[in-house]
Amino acid sequence: MPTSTTHRRRLRVVALPFLLLAATLAGCVSVAGGASQPTPHAASSALTPSPLVIPKVTPGESGGAVVHQADVIFSASTDFYSALQMVTNLGLQPVDHCTGYFSSAVRWRAQDYNFRWLAPVAYPEGATPPPGPLHELAVAPAPLAPSDWLQRLAALPSVKSIYDGFSSCPDIMEDLTPVPGALYFLGVKARTEDLRVSFAATGAGGYGQALATISNLGFRLADPCYEQSASPLAWSPVGQQATFASSGALVVAITAANSTQWLAQLKTAPGVVSVQAPYTEQCA
């Protein structure tokens, strides 16, 4: 018989590491029914304790524990594609833990669940707007994020506020036995593999659309040479606007938020011309 745990999205809970949270959910939630590469040296530095005081940041209840998730509220004048570029430039992945992507027993869903980007609405005087923030992205630090990503994010003029911890969610349901034909998150089974994806549209507009496509499917931007460097390298923004303008391609990596059919999904995604998988970059 299916069982589940129900949460309210806006209640805040203690920020926990992904695997610990997955293990906790696996213990209390149940429902019926490429070649490996070295672990990036930057991965550990991307998961950073949040300082005691950062303007615009509301700390999670963990009181300085490692931050694995942040809800970012942007100004109403910021469009979705601009916000997407801001967070991905910092090495952050637009991904929401409420999709349950950290568990390979949860059925896959696109990350557009995370893209709560509602057009501003004029409400009559005295009327109550609907609950929940507008212009919000949930993000998590990926291996390309610098150690001070939270400070850098808070310093962006378009960012109004940040909550730097987990929020609770609606039901996250896991299948005790995999259902034939169903798509599941890669979750803890995800391996590191880089891909090069070419798109039909190029230029600034094409870049925003390409970012939305790969983020929706659960991929993140990748920099193989930086991530596999034997010695620490100075961090710089990791957006691929310049190379995309000339090549019309993005270098991305598989994550826990991808589905078990990530390659087929990517090849048939709107605007995708070709996929090189796996992709090996020639490093100096």
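Residues numbered from 1 in each chain as written. Predicted model: local features only at pLDDT ≥ 70, side-chain atom pairs only at ≥ 80, totals over all residues. Heavy atoms only, no water.

On to the nonpolar core. By size, the foremost hydrophobic cluster in this structure holds 59 residues, and its most contacted members are Leu137, Leu153, Ile162, Phe219 and Leu250. When residues in this core are grouped by element, the largest group, six residues, is from helix 5 (residues 203-217). Apart from residues no more than four positions distant in its own chain, leucine 153 is found in contact with Val72, Val87, Leu90, Leu92, Val159 and Ile162. (Core = buried A, V, L, I, M, F, W, Y, C linked by side-chain atoms within 4.5 Å. Buried < 20%, exposed > 50% of the residue type's maximum accessible area, 1.4 Å probe, protein only. Helix = DSSP H or I, 4+ residues; strand = E, 2+ residues; numbered from the N terminus. Contact = heavy atoms within 4.5 Å.)

This paragraph deals with the pairing of strand 6 (residues 194-199). Burial within strand 6 is extensive, with five of its six residues counted as buried. Relative to strand 8 (residues 249-253), strand 6 runs antiparallel, the two sharing five bridges. Note that in strand 8 the partner of serine 198 across the bridge is alanine 249. Pairing geometry for strand 6 and strand 9 (residues 272-276), over four bridges, is antiparallel. Bridge pairing in strand 9 links phenylalanine 199 to valine 272. (Pairing = 2+ DSSP bridges.)

What follows is about helix 5. In this model helix 5 runs 21 Å from its N-terminal to its C-terminal C-alpha over 15 residues, within 8% of the 21 Å that 1.5 Å per residue would give. Regarding helix 5, the residues found buried are Gly206, Tyr207, Gly208, Ala210, Leu211, Ala212, Thr213, Ile214, Ser215 and Leu217. Taken from the residues just after helix 5, glycine 218 is the one with a positive phi, measuring 100°. (Expected span 1.5 Å × (residues − 1).)

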